[in-house]
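Here is what each chain is made of, one letter per residue.
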Amino acid sequence: MLVVIALTGASAIACGKQNTQAFPNVSASEAANAPDLSLRGVAFARTADGRITARGTAQHLDYRRAGGLLNADVTAMTLVPQAGSQLATFGLLNLSAPHVKGELQEKSGNAWGGVKVAATRGDRGATEAVEYRGELITSEKPVQLSGPGYVMHGNGMVMQADGSFMRLTHGVTGTLHEAVEAAK
Amino acid sequence: MIALLLAATAAAPAGLPPGPIEFSAQDMRFELKDRRVLYLDGDVHLKRGDLAVVSDHAIANLAAEKPKPKPPPKGKKKKQAATPMAAGQEIEKFTVDGNVHVTRGTRTADGDHGVVDMPAQTMVLTGTDTVPPVLHDGKETLEGDRILLHTDSDDVDVQKPRLVLHRAIKSGKPSEKPEKTAEPATPMRVDAEHLVLHNQERLARFTEDVVVHRGDAVMRSPKMDAHYDKDGELTVLNMRGGVDMRQGDRRATGKTADYDAKARVMTLLGDPKLYDRGDVLAGDRIEVALDSSEVRVQKGKAHLRPELHREETASPATGGARTRGALENEAHP
């Protein structure tokens, strides 16, 4: 989610200048920490190969050019997996987080305040906070997952950003529904 | 063992109730490329109904997504599936590895590897080359090369069972004063190629190379049924397909043999014969009391060779002497 936000942030910034606000009467230190760009009511879309791969909104988005720092509040995003990809099994993936912070150059970031994911298929995930670094998304907070036929709880999580691998760590519990033979 | 297993059945439900499987582990991982597999590692616990499984590792195989059913032809009544598969996420099979411990009711089992097949309602437990899987109930144990537990019926299927029937012979309730003349219960050890426990029928069916060891007596037959009462106590052993029994120098054969666990008497039928150091005794029916070595024969025909027994003492304390005395009294040469 973060990487997509990070990648799409730039385009949002580029097309959102009409929403920038001035920062009157600020001190020198405040001015130094002030974002180069601050947006309100942002809507963005990411395209690749002529198709929309992600779209989302943020209530508030700040960008500092130095270090490529990105801060966003009340973010929501929908990922559209490519047809035929492994993620396509889940359908659309809707992600949300109250707070997101990213470093575009470092390709790292955090989301916190209650990070949620919901798939069209019915899969749900929630945790207090996640960290994105490299290609890994991790959480040291309890993680709740549920979906068709399963409910899981872990005390930590490691997953590949593309969703190809996920691991619940530090103790995991859950229930799985069993398969039964269909009536002949 | 069997007695306890069968006794436990009376209180246990006939099968596991349908419902989800609860699990816990240290870690769980999921890879999208084989999205129908979940890997559980470290102190794995699985629970469904009264069945609990503990192991070091487990792999959960999820059911394949079912293809959408074709619309029924016109005019034909639509058949409904028992339970629809929800997006192919139902668990189909659990494979557990490493220090596998199974608990169900009063019964426990241990092994190194197990496979829980949900649609088939079975669990197969195996061991290592040196340590076989073991089924426990109290101090009773049943070993075998492979133990198959039917979770829907409580039946058990064992390949190459090796077990000791400690409770096979009732020696009186604990509250009762033991009779002075009562001998302590002699455990029975049974080896066979195959064992199936039918709990509803209170029946243990041994097949292929059945060997029963009881004290110095060894009985062999191709198949044997062990019947139990409602308390799980052995009542009767029915050996069929040709029986060969040996006890010391004595050997008895017959087409069938029935062992009365209460009377501790083995009855041979079907051209039964008793061989005892050169003596041959035949009859319509031969009864051998395993504890006292006494023999009773109906319509007996004996071929005795006293010259072979000149050096034997006639002490009634010896089993051989008592046996021959019974032969003289009961046989009709």
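Residues numbered from 1 in each chain as written. Chains lettered and ligands numbered in written order. Predicted model: local features only at pLDDT ≥ 70, side-chain atom pairs only at ≥ 80, totals over all residues.

Student: So what about the overall build of chain B? Which residues, and what values?
Tutor: Scanning chain B from N- to C-terminus turns up 2 helices and 26 strands. Counting every position in chain B, which comprises 333 residues, the buried fraction comes to 34%. Excluding contacts between residues fewer than 6 apart, the proportion of contacts in chain B whose partners are at least 24 apart in sequence is 48%. (Helix = DSSP H or I, 4+ residues; strand = E, 2+ residues; numbered from the N terminus. Buried ≥ 20, exposed ≤ 12 C-beta atoms within 10 Å, placed from the backbone. Contact = placed C-beta atoms within 7 Å.)

Student: I'd like a description of the nonpolar core, backed by residues and values.
Tutor: The biggest cluster of nonpolar side chains holds 88 residues, and the ones touching the most others in it are Met28, Leu40, Ala60 and Ala257 of chain B. For alanine 257 of chain B, the residues in contact, after removing those within four places along its chain, are Met219, Ser221, Met239, Val243, Met245, Met266, Thr267 and Leu268 of chain B. By size, the runner-up hydrophobic cluster in this structure holds 7 residues, among which are Met77, Phe90, Leu95 and Val117 of chain A. (Core = buried A, V, L, I, M, F, W, Y, C linked by C-beta atoms within 7 Å.)

Student: Any details on the environment of glutamate 143 of chain B? Residues and values, ideally.
Tutor: The residue glutamate 143 of chain B is located in strand 9 (residues 140–143) in this model. Between the C-alpha atom of glutamate 143 of chain B and that of proline 133 of chain B, which follows or precedes it by 10 residues, the distance is 5.9 Å.

Student: Lay out the pairing of strand 16 (residues 217–228) of chain B in plain terms, naming residues and giving numbers.
Tutor: Residues and elements named next belong to chain B. Sheet analysis places strand 15 (residues 203–214) next to strand 16, joined by 10 bridges and oriented antiparallel. Directly across from valine 212, in strand 16, lies its bridge partner methionine 219. Between strand 15 and strand 16, which pair antiparallel one after the other, the connecting turn spans 2 residues, and glycine 215 there sits at a positive phi close to 55°. Sheet analysis places strand 16 next to strand 18 (residues 243–247), joined by 4 bridges and oriented antiparallel. Following the sheet pairing, alanine 217 is matched in strand 18 by glutamine 247. For strand 16 and strand 17 (residues 234–240), the ladder comprises 6 bridges, and the chain directions are antiparallel. Looking at the pairing, aspartate 225 lines up with asparagine 238 of strand 17. Linking strand 16 back to strand 17 in an antiparallel pair, the connection comprises 5 residues, with glycine 232 at a positive phi of about 85°. (Pairing = 2+ DSSP bridges.)

Student: Can you break down the confidence of the model for chain B residue by residue, with the values?
Tutor: Residues and elements named next belong to chain B. When pLDDT is averaged along chain B, the result is 76, and 70% of the positions lie at 70 or above. Here residues 76–88 is modelled with pLDDT under 50, and outside its nearest four sequence neighbours on either side it reaches 25 contacts, counting other chains as well. ipTM for the predicted complex: 0.73, alongside a pTM of 0.69. (pLDDT = per-residue confidence, 0-100.)

Student: Go over unusual backbone geometry with me, naming the residues and quoting the values.
Tutor: With the exception of glycine, the majority of residues adopt a negative phi angle, and the majority of peptide bonds are in the trans configuration. Residues and elements named next belong to chain B. Despite not being glycine, glutamate 208 shows a phi value in the positive range, around 65°. Here glutamate 208 lies in strand 15. With 12 C-beta atoms packed within 10 Å, glutamate 208 lands in the exposed category.

Student: Could you give me a rundown of the pairing of strand 5 (residues 108–119) of chain A, with the residues and numbers involved?
Tutor: Residue and element names in this part refer to chain A. Relative to strand 5, strand 4 (residues 93–103) is paired through 9 bridges, and the arrangement is antiparallel. Pairing of glycine 102 across the sheet is with glycine 109, part of strand 5. Between strand 5 and strand 6 (residues 124–133), which pair antiparallel in sequence order, lie 4 residues; one of them, glycine 122, sits at a positive phi of approximately 120°.

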